[in-house]
Amino acid sequence: ARKCVLSGLWKNELGSNMTISAVNTDGGFTGLYHTAVTATDKHIRVSPLKGSQKPTNQRKQPTFGFTVSWTFSNSMTVFVGQCFMDDKGKETLKTMWLLREEVSSPGADWKATRVGTNIFTRIK
Ligand code: BTN
């Protein structure tokens, strides 16, 4: 089977886009995330992401994680997932995410974290 490669341009089912740079020899990568939606009333801006995949390019269907530091809100999102290659050569990223917002007191902690899934496909 061919390798699933993380670097490139991806789109998810919400219409969000991200660009992932080349993965370095330690498995590290950076990129840019353009979300289509927001939990805030702020104006959406492209935000940086930073992550890593399992070291080296040996893995055919690598697991990975990355953090998006939103430039337009006080929140962070962490994604974790796996890059899959189907038998037609189509790549998908199956992910789960946690979105943490800043709340004013520990009493509001219970409502500060959202969870969800996203599936990304490569934009050619
Ligand atoms: C915010 O609303 O504070 C920042 C934007 C959060 C966008 C979330 S992250 C998980 C989900 N997947 C996306 O592509 N966008 C939303």
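Preceding block: the structure.
Residues numbered from 1 in each chain as written. Predicted model: local features only at pLDDT ≥ 70, side-chain atom pairs only at ≥ 80, totals over all residues. Heavy atoms only, no water.

Q: Before we move on, can you summarise the pattern of salt bridges with the specific residues and values?
A: Using the criterion set out here, one finds three salt bridges in the structure. Taking the shortest distance from any N to any O, the salt bridge between glutamate 101 and arginine 114 comes out at 3.3 Å. With a gap of 13 residues between them, glutamate 101 in the loop between β7 (91–100) and β8 (113–122) and arginine 114 in strand β8 connect regions that are remote in the sequence. (Salt bridge = Lys/Arg side-chain N within 4 Å of Asp/Glu carboxyl O. Helix = DSSP H or I, 4+ residues; strand = E, 2+ residues; numbered from the N terminus.)

Q: Any chance you could break down the environment of lysine 50 for me, citing the residues and the numbers?
A: Within the element layout of this structure, lysine 50 appears in strand β4 (residues 47–53). Since its relative accessible area comes to 64%, lysine 50 is described here as exposed. With 19 residues separating them along the chain, lysine 50 and serine 69 place their C-alpha atoms 8.6 Å apart. (Buried < 20%, exposed > 50% of the residue type's maximum accessible area, 1.4 Å probe, protein only.)

Q: I'd love a proper account of the pairing of strand β6 (residues 76–85), names of residues and values included.
A: Side chains Thr77, Phe79, Gly81, Cys83 and Met85 project from β6 onto a buried face, and the interleaved Met76, Val78, Val80, Gln82 and Phe84 project onto a face without burial. Relative to β6, strand β5 (residues 63–69) runs antiparallel, the two being bridged by seven bridges. Residue pairing in the sheet places phenylalanine 66 in a bridge with phenylalanine 79 of β6. Counting the residues in the hairpin turn of β5 and β6 gives six residues. Here β6 pairs with β7 via ten bridges, running antiparallel. Residue pairing in the sheet places phenylalanine 79 in a bridge with tryptophan 97 of β7. (Pairing = 2+ DSSP bridges.)

Q: Would you mind going over the site of the ligand in detail, with residue names and values included?
A: Neighbouring residues of the ligand: 16 residues in total, closest Ser16, Tyr33, Thr38, Ser73 and Asn118. Residue threonine 38 places a side-chain N or O atom 2.7 Å away from an oxygen atom belonging to the ligand. Here an oxygen atom of the ligand and a backbone polar atom of alanine 39 are 2.8 Å apart. Coverage of the ligand by the protein chains reaches 97% of its 410 Å² of free accessible surface. Looking at side-chain class alone, the shell around the ligand contains seven nonpolar, nine polar and no charged residues. (Near = heavy atom within 4 Å. Polar contact = N/O pair within 3.5 Å; in protein donor to acceptor, adjacent residues only side chain to side chain. Areas by Shrake-Rupley, 256 points an atom, 1.4 Å probe, with all protein chains shown as cover. Nonpolar A, V, L, I, M, F, W, Y, C, P; charged D, E, K, R; others polar.)

Q: Can you break down the sheet that holds β5 residue by residue, with the values?
A: If you walk around this closed barrel you meet the eight strands as β1-β2-β3-β4-β5-β6-β7-β8, and the pairing is antiparallel. Averaged over all neighbouring strand pairs, the angle between strand axes comes to 30 degrees, with direction disregarded. The pairing of strand β1 (residues 8–12) with β8 spans three bridges and is antiparallel. Pairing of tryptophan 10 across the sheet is with arginine 122, part of β8. (Axes fitted to C-alpha atoms, helices over the stretch in contact; angles between N-to-C directions.)

Q: Which residues make up the state of the cysteines, and what are the values?
A: By the definition in use, this model includes one disulfide. Two residues share a disulfide in this structure: cysteine 4 and cysteine 83, whose sulfurs sit 1.8 Å from each other. Linking cysteine 4 and cysteine 83, the disulfide has an S-S dihedral of approximately -70 degrees and is accordingly described as left-handed. Of the two residues, cysteine 4 is situated in the segment before β1 and cysteine 83 in strand β6; the sequence distance between them amounts to 79 residues. Cysteine 83 matches cysteine 4 in its accessibility class, with the two residues each being buried. (Disulfide = S-S within 2.5 Å.)

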